[in-house]
Every structure is written in C-alpha cells, then in structure tokens.
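Chain residues, written in single-letter form:
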Amino acid sequence: MKALDRLVRALRRMPGVGPRQAERFAAYFLRAPQGEAEEFVAAVLGLKQNIKFCRICHAYSESDVCPICADPDRDKGVICVVEDPQDIESIEKTGAFHGLYHVLHGAISPMEGRGAEQVKVKELLQRVQESEVPVREVILATDPDTEGETTALYLADLLHGLVERVSRIGYGVPLGGDIDYIDEMTLGYSLKGRTKM
C-alpha cells in the first residue's frame, strides 16, 4: 500500500520515532475518523504558515516579537542563552528565571561542520552591544555535552568585557537522587560546581 508506506516513511523522519512507532501512528490515522485526520493535517499546515522566529531572541513566535521579549516585566538586563527554542519552555516551567532569552539554533560542532557562523552567535553579540538596557549578565544554558560545552566556552570568551557577568547553569546531582546511582561524569561536574552554604 503506497499511501501507508509513504506515511510511515514521513513519520520515521521525526526525531525519536522508530519503524514500529511510525507504523503504529500510521495505523492510528488509518482508523481515526476523517475529521480527526483533517484536524491533524490542518494543525501541521497552520504551524508552518503561522509560526516564525522572534526578531529579537529567535524563539518561535506568531508575531514579530515573542510574548517573552514583549513582556515589560521581564528583566532585560539578563539574557539566558539556549540551543533550541524548546529549551525555553523547560526553563519557563521552573518559574525561577525572569530575564530574556537568546536561541542559538544549535551548538558549535566542528565534527559536524557547524561553526559559530551557523548558529546565532553574531546576533547575540550584536544584541548585547546594542541593547537599550545594559546587559548585566549572560547565562549560558547550552546542553552539558561536548558541543554544548564547546559553545559555552566560546561564548564566555567572546562575552568577557561586554557584560559584567557570564555564568553557566549548574548541573549535577538531581534532587531526590541517590549518589550511588549517579554516573561519574555527572558527579564530577556536581563537585566542580559546588556552592558555598
């Protein structure tokens, strides 16, 4: 069945969707009422037509400026740098951050041929230098993997002298976790990033 195979192939291109899961999704749509399938298609098309990038922070937005950048109550002197737009939602759920964001759209990865020119580094530097409100701090919240660490070190070097403080998010032992179940690398980072009590 060509139509079913085409849908399975399309679904497999989605991150984290394997062959069996793609087949289950395709079977679901095959059994779903016509209206439900049409609603799904309309939602995907609406997403592609209506979502763009905020001209300030490069997060997903339905308008020129996203709601966070447009919020007058946010601290405009603090910028949290993340790799992907979906990282913002994770940080926002904590309720602990009240500044602005900057989305790089990736991390520096020489192995994959992705340098600073392929991510939004130039835009970050321009934003910091041209900000109406002086930027006091830039928080580097890139992923704690090789590419994220490389990106954080590169940005920290570029930002020193442009802002009062460049900081890195802490990482290590999760709350409620048992130390004997934590891998050596995570435990090592938590020891290096310890805080005074």
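Residues numbered from 1 in each chain as written. Predicted model: local features only at pLDDT ≥ 70, side-chain atom pairs only at ≥ 80, totals over all residues. Heavy atoms only, no water.

Visitor: Quick one: what's the story with the packing of helix H6 (residues 121-130) against helix H7 (residues 146-159), residue by residue and with numbers?
Guide: Interaxial distance between H6 and H7 falls to 11 Å at its minimum, and their mutual angle equals 30°. Classified by the angle their axes make, H6 and H7 are roughly parallel. Helix-helix and strand crossings are classified by hand; for H6 and H7 the assignment is right-handed. Seen from H6, the contacting residues are Val 121, Leu 124, Leu 125 and Val 128; seen from H7, they are Tyr 154, Leu 155, Leu 158 and Leu 159. In terms of residue class, the contact of H6 with H7 is made up of eight nonpolar, no polar and no charged. (Axes fitted to C-alpha atoms, helices over the stretch in contact; angles between N-to-C directions. Helix = DSSP H or I, 4+ residues; strand = E, 2+ residues; numbered from the N terminus. Parallel < 35°, antiparallel > 145°, perpendicular 65-115°, else oblique. Left-handed = near helix turned anticlockwise from the far one by under 90°. Contact = heavy atoms within 4.5 Å. Nonpolar A, V, L, I, M, F, W, Y, C, P; charged D, E, K, R; others polar.)

Visitor: So what's going on with the pairing of strand S4 (residues 99-103)? Residues and values would help.
Guide: With five of five residues buried, S4 is to be regarded as a mostly interior element. Relative to S4, strand S3 (residues 75-82) is paired through five bridges, and the arrangement is parallel. Within the sheet, the bridge partner assigned to Val 81 lies in S4 and is His 102. Considered for its hand, the β-α-β crossover made up of S3, helix H5 (residues 85-94) and S4 is right-handed. (Buried < 20%, exposed > 50% of the residue type's maximum accessible area, 1.4 Å probe, protein only. Pairing = 2+ DSSP bridges. Right-handed = clockwise from strand over helix to strand, strands pointing away.)

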